[in-house]
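# Descriptive analysis of the structure
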Amino acid sequence: GTVVTWGHSIDGQRNDAPTSAGFVAIACGGKHSVSLRNDGTVVTWGRSIDGERNGAPTSASFVAIACGRHSVVALRKAAAVITWFPADGQTHGRTDAGFAPAYLCA
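Residues numbered from 1 in each chain as written. Predicted model: local features only at pLDDT ≥ 70, side-chain atom pairs only at ≥ 80, totals over all residues. Heavy atoms only, no water.

Looking now at the nonpolar core. Among the nonpolar cores identified, the biggest contains ten residues, and these are Ala27, Val34, Leu36, Val42, Ala56, Phe62, Ile65, Val72, Ala74 and Ile82. Of all the elements in the fold, those that place two or more residues in this core are β2 (32-37), β4 (62-67) and β5 (72-76). (Core = buried A, V, L, I, M, F, W, Y, C linked by side-chain atoms within 4.5 Å. Buried < 20%, exposed > 50% of the residue type's maximum accessible area, 1.4 Å probe, protein only. Helix = DSSP H or I, 4+ residues; strand = E, 2+ residues; numbered from the N terminus.)

For the rest of this paragraph, the subject is the side chain of Arg76. As for its placement among the helices and strands, Arg76 is situated in strand β5. Buried and unpaired, Arg76 has no salt bridge, with Asp39 as the nearest side chain of opposite charge at 12 Å. Within polar-contact distance, the side chain of Arg76 engages the side chain of Ser61 at 2.6 Å. (Lys, Arg positive; Asp, Glu negative; His and termini not counted. Salt bridge = Lys/Arg side-chain N within 4 Å of Asp/Glu carboxyl O. Polar contact = N/O pair within 3.5 Å; in protein donor to acceptor, adjacent residues only side chain to side chain.)

Attention now moves to the pairing of β5. With burial as the criterion, only one face of β5 is covered, namely that bearing Val72, Ala74 and Arg76; the residues Val73 and Leu75 on the opposite face remain uncovered. Note that β4 and β5 share five bridges and pair antiparallel. Directly across from Ala66, in β5, lies its bridge partner Val73. Here β4 folds back onto β5 in antiparallel fashion, the turn holding four residues. With three bridges connecting them, β5 and strand β6 (residues 81-83) associate as antiparallel partners. For Leu75, the partnering residue across the bridge sits in β6 and is Val81. The hairpin formed by β5 and β6 contains four residues between the paired strands, and Ala79 there has a positive phi angle of roughly 70°. (Pairing = 2+ DSSP bridges.)

Structure, rendered in structure tokens:
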């Protein structure tokens, strides 16, 4: 399907939403959103002060997504759960060069 948004957009929650089709799931955080395409890739938009958008995985192997206030987790086909930026002040996915996917469990 396509993504339709409305409401407040001071941090791009509405104006930066993808306009293409092919989405099967969507999740909203505090000021960011993530959607799952039918090919298993993720698309993020909105605020990225805490890395909500930085370093989102580009692989096509995800089957589920979820958001917290400042976090995103995704489930891979191989049943591994990953996050790609700090969640609640922790350093999940943080590297010196920025943000990178981090496996939380498999």
